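Summary of structural features
Residues per chain are reported as follows:
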Amino acid sequence: MPSVVLTVTGAIALTHTEQSCHALADPSEIHNPPEFLRGLRLLRVEAGNPSLRDLTRATGIPRSTLAAIFDTRRSRLPRLDSCLAVLTALGATGPQAAAWADAWKRLRGAGPPAPEQLTGERPRPAQLPRDLPDFTGRAGQLAALAARCSPGSTPPGVPVLAAVTGTGGVGKTSLAVHLGHAVRDRYPDGQLYADLRGASTGPTAPTDLLARFLVDLGLAPAAVPAGEEARAAAYRSLLADRRVLLLLDDAASAGQILPLLPGTAGCAVVVTSRNRLAGLDGADRIDLDLLEPPDARALFERFAGAAATAAEPSATEQVLKACAGLPLAVRIAAARLATEPTWTVATLAARLADRDRLLDELCLDDRAVRTTCDVSYTQLSAEDARLLRLIGLWDGPDLSIDAVAALLGRSRQTAERSLAALSHQHLLQSVTPGRYRPHDLIRAYAAERAAAEEPAEERREALTRLLDWTLRSWDAATDLLAPQRQRVALPPPCHHGPLPALPDYSAALDWLEAERHHLRAAVTAAEQTEHHELCWKLAVVGCQLYNRRDLWADWETTHETALRAARAVGDDLGTAWTLNNLGALYTATARPELALRRLREALEIRRRTGDGRAEALTLTTIGTALHNSGDQAQAVELHSLAAAVAHRLGDRYAEGIALSNLGETLCRLGWFGEAAECQQQALAIHRAIGDRYGEAFSLDLLGEVARENGRFAEALDLYGRSLAMRRELGNAHGEGLVERNIGLTWSTLGDPVRAAHHWGAALQIFERLGAPEAVTVRRQLAALA
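In this text, all values refer to a predicted model and were calculated from it rather than measured experimentally.

**Quick notes on the sheet that holds strand β4 (residues 160–165)**
- Across the sheet, five strands lie side by side as β5-β6-β7-β4-β8; this open sheet has parallel pairing. This sheet does not close on itself; its edge strands, each paired only once, are β5 (191–195) and β8 (284–287). Within the sheet, the average angular offset between the axes of one strand and its neighbour, ignoring direction, is 15°.
- Here β4 pairs with β8 via four bridges, running parallel. Residue A162 lies in a different strand from β8, and its bridge partner there is D284.
- Helix α7 (residues 172–183) contacts β4, β6 (245–249) and β7 (268–273) of the sheet and is inclined by roughly 165° relative to β7.

**A closer look at the packing of aromatic side chains**
- Within the structure shown, the criterion is met by four aromatic pairs.
- Taken together, a centroid distance of 5.7 Å and an interplanar angle of 75° make the contact between Y377 and Y445 edge-to-face. Of the two residues, Y377 sits in helix α17 (residues 369–377) while Y445 sits in helix α21 (residues 440–453), which places them 68 residues apart along the sequence. Y445 carries the same exposure label as Y377, and that label is buried.

**A closer look at the pairing of strand β12 (residues 429–432)**
- Looking at chain direction, β12 and strand β13 (residues 435–437) are connected through three bridges and run antiparallel. The residue bridging T432 from the neighbouring strand is R435, located in β13.
- Between the antiparallel neighbours β12 and β13 lie two residues, among them G434 with a positive phi of about 85°.

**Description of helix α8 (residues 206–216)**
- Along α8, the residues that are buried comprise P206, L209, L210, A211, F213, L214 and D216.
- Buried-residue contacts for α8 involve β5, α9 (228–239), β6 and α10 (254–257).
- Positive phi appears at G218, one or two residues downstream of α8, with a value of about 115°.

**Looking at the sheet that holds β12**
- Taken in spatial order, the three strands line up as β11-β13-β12 in an open sheet, and their pairing is antiparallel. Edge positions in the sheet fall to β11 (399–400) and β12, since each has one partner strand and no second.
- Across two bridges, the pairing between β11 and β13 is antiparallel. Bridge pairing in β13 links L399 to Y436.

**Here we look at the packing of helix α19 (residues 401–408) against helix α20 (residues 412–424)**
- Look at α19 against α20: their axes get within 8 Å of each other, and the N-to-C directions meet at 105°. On the basis of the axis angle, α19 is roughly perpendicular to α20. Across from I401, D402, V404, A405 and L408 in α19, the residues of α20 making contact are R412, A415, E416 and L419.

**What about helix α18 (residues 382–391)?**
- Burial within α18 is extensive, with eight of its 10 residues counted as buried.
- Taken together, the buried residues of α18 touch α17, β11, α19, α20, α21 and α22 (456–481).

**Points about the confidence of the model for the protein**
- Mean pLDDT over the protein: 88, with 93% of residues reaching 70 or higher.
- Confidence drops under a pLDDT of 50 for residues 1–24, and excluding neighbours within four residues, the segment shows 44 contacts in the predicted structure.

**Describing the packing of helix α13 (residues 313–323) against helix α15 (residues 345–353)**
- Two elements in contact, α13 and α15, have axes whose closest approach is 8 Å; the angle formed by their N-to-C orientations is 35°. Where α13 crosses over α15, the handedness of that crossing is left-handed. Residue-level inspection shows A315, T316, Q318, V319 and A322 of α13 in contact with α15, the latter providing V345, A346, L348, A349 and L352.

**Details of the nonpolar core**
- Counting 177 residues, the largest nonpolar core has F300, V319, L362, V369, W394 and L441 as the members making the most contacts within it.
- Top element by residues in this core is helix α23 (residues 505–528). It accounts for 11 residues.
- Those residues in contact with V369, other than ones at most four positions away along the chain, are L326, L328, A329, I332, L359, L362 and L441.
- Core analysis: the next-biggest nonpolar cluster, separate from the first, contains 34 residues, L192, A223, L261 and L280 among them.

**Some words on the environment of L666**
- Position of L666 relative to the elements: it lies in helix α31 (residues 652–668).
- By relative accessible area, L666 is classed as buried at 6%.
- Each C-alpha atom, one on L666 and one on V705, is 9.8 Å from the other, the two residues being 39 residues apart in sequence.
- Non-local contacts of L666, meaning those with residues more than four positions away in its chain, are made with V636, W671, E674, A675 and C678.

**Describing the pairing of β4**
- Of all six residues in β4, six are buried; the element is thus mostly enclosed.
- Residues V160, A162 and V164 point to one face of β4 and L161, A163 and T165 to the other, with burial holding for every one of them.
- Note that β4 and β7 share six bridges and pair parallel. Note that in β7 the partner of A162 across the bridge is V270.

Reading the values: the criteria
- Residues numbered from 1 in each chain as written.
- Predicted model: local features only at pLDDT ≥ 70, side-chain atom pairs only at ≥ 80, totals over all residues.
- Heavy atoms only, no water.
- Pairing = 2+ DSSP bridges.
- Helix = DSSP H or I, 4+ residues; strand = E, 2+ residues; numbered from the N terminus.
- Axes fitted to C-alpha atoms, helices over the stretch in contact; angles between N-to-C directions.
- Contact = heavy atoms within 4.5 Å.
- Phe/Tyr/Trp six-rings, centres within 6.5 Å; stacked < 30°, edge-to-face > 60°.
- Buried < 20%, exposed > 50% of the residue type's maximum accessible area, 1.4 Å probe, protein only.
- Parallel < 35°, antiparallel > 145°, perpendicular 65-115°, else oblique.
- pLDDT = per-residue confidence, 0-100.
- Left-handed = near helix turned anticlockwise from the far one by under 90°.
- Core = buried A, V, L, I, M, F, W, Y, C linked by side-chain atoms within 4.5 Å.

Here it is in structure tokens:
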């Protein structure tokens, strides 16, 4: 029968006929794992091709391991004891098995290269790139890395391994190179450097880099073994007794790094990457953030000059704000200023102020912020890239996972996965667990990509989903704060994603506090994109938090924006709501004239539209404004009318508020019996409907009645109950009011020490809030001195 001779890479010859099968393998010729394994497979054929079950019985090796050993596609060596057990089971003699063991050891690189394989010299490579003469900042990170690169900083036998990660342009390479020059004397056998091209479409293969490093370390080119595993073994052998610093720049992943790590102590490896390199076990990680303002300014001044920046401080701040602390952007901006002799810092600031052209301006020669963003963007999956684009539509400070799910129109799990991917690539920052944001230049880039790649209708739908989620989430959370409140009707839903799971009042208050900047941004975004109804309803739904936490700036900003939106489309309901809430704010902040103007306009609309329940609240708010301005008689009239209207309509919430306000005004008039009766009625209503905020208010006012009637022990008890409730509710301004009243009680009792204690606590609260009551309390404290 004819025979066919098959040659496998010159190492294994197989003569095959129908009658016999012979495998001849010369282990001395084997030079990579696949050939070694092919040889074992051919020996199995020559031995009669025993089954894996038979081999398992003979060797004790699991079938799965044997299957891997005989898989010709396998590129990794099995254990030596497994190889020897297989060879023995196949009938190899002692000398034959020893020859295969020697081949295994050479292939594994168990020993150092033979002397004849070396070039005869011991090179000391010095491959570090040049250091930057204007390197600025990063003192803390440099100190930590330098300490890590000190002798004895790692356990015995463990090389130093440090990873510097961060977004493109943040200065990872500059920091690593600066560190390398600072500690190079600690590594007398040289410094190896390689650009791993991790941010490119073709990262450097470890096997290619190992070949280069082997030659750099003195191995003759002809002696460089084939295959990654053999090269890595030879590389570790050459480094075993040397002190070498390795700088591996721009790694794609931990897998690209692992074959390049030394196996023994003495060497140090510093890696940079845009990826967080989560799989790089044992590495000290430094996640490089944007420059702190003083460091960014110092870097800019190195180019622009201290005199120029001092002469134009405002323009300098505008430039640095536009550069967002990104070192690459600061360098480009400063270099442009230095190369344009007619420009001033103000000229540069004006050019960077145009957000639509910001990335065009941050470009000089071959350096550009947009280019470094492109590098990261092109490596994203389609879903992750879409999320980055949509985040570019949002101008708020950050986004929660649930908010991102709404923006995407996807599940929470999908949103969380994409957020993690963008965070690992340093395109997003995780500011707190579960909240993410891009830095301003990434945001500008994302907005560009959204404009270029997302159809206008899809951009609008994404933002509508996010605004709708925000409104519904705030409405649900506010239900835990004030379920009995008058509320606005929500529009038909356009998003069915997850709302926050909040178990109680405290959790709801914390959630709303964490989301308040998001709400402020949502109101602004709704106005800018002409979501008029969503705009005013978003503002109104935030009012319970604003009132409890005394967030007067947020209250005013959101409601003035909402008022413009409601008026822009002639929405009477929205106009009246926002006018009423603004009137309440201006009343609380001692601006009675402005309050009355807003409130009377709201009352006119509510009467014209027949909104009786809302009219009752507006009437009593006007009464409070009149009370604060000194017109107590008219205040009594309006509070009484409000209480009557609310009672007739069955609105116990509005009735309780009106009675509380009426009792306060009666107390100011000295009608303490009538005041107490009103407060007791109000207290009963507040308790019946679960309005603990109103209950605390009534307890405070009942304490005031008791104090005015000389029942000081009763007054202090009522104040104490009100104070505990205010604190529990997180109502700082109300807490300050009660502390003030307790101080007044102790002062009346002739105890200036206790009076000063409580007035001091009240003053701290009022000053922190910027409350007008601070003036009165400060005067009372001065009178005690």
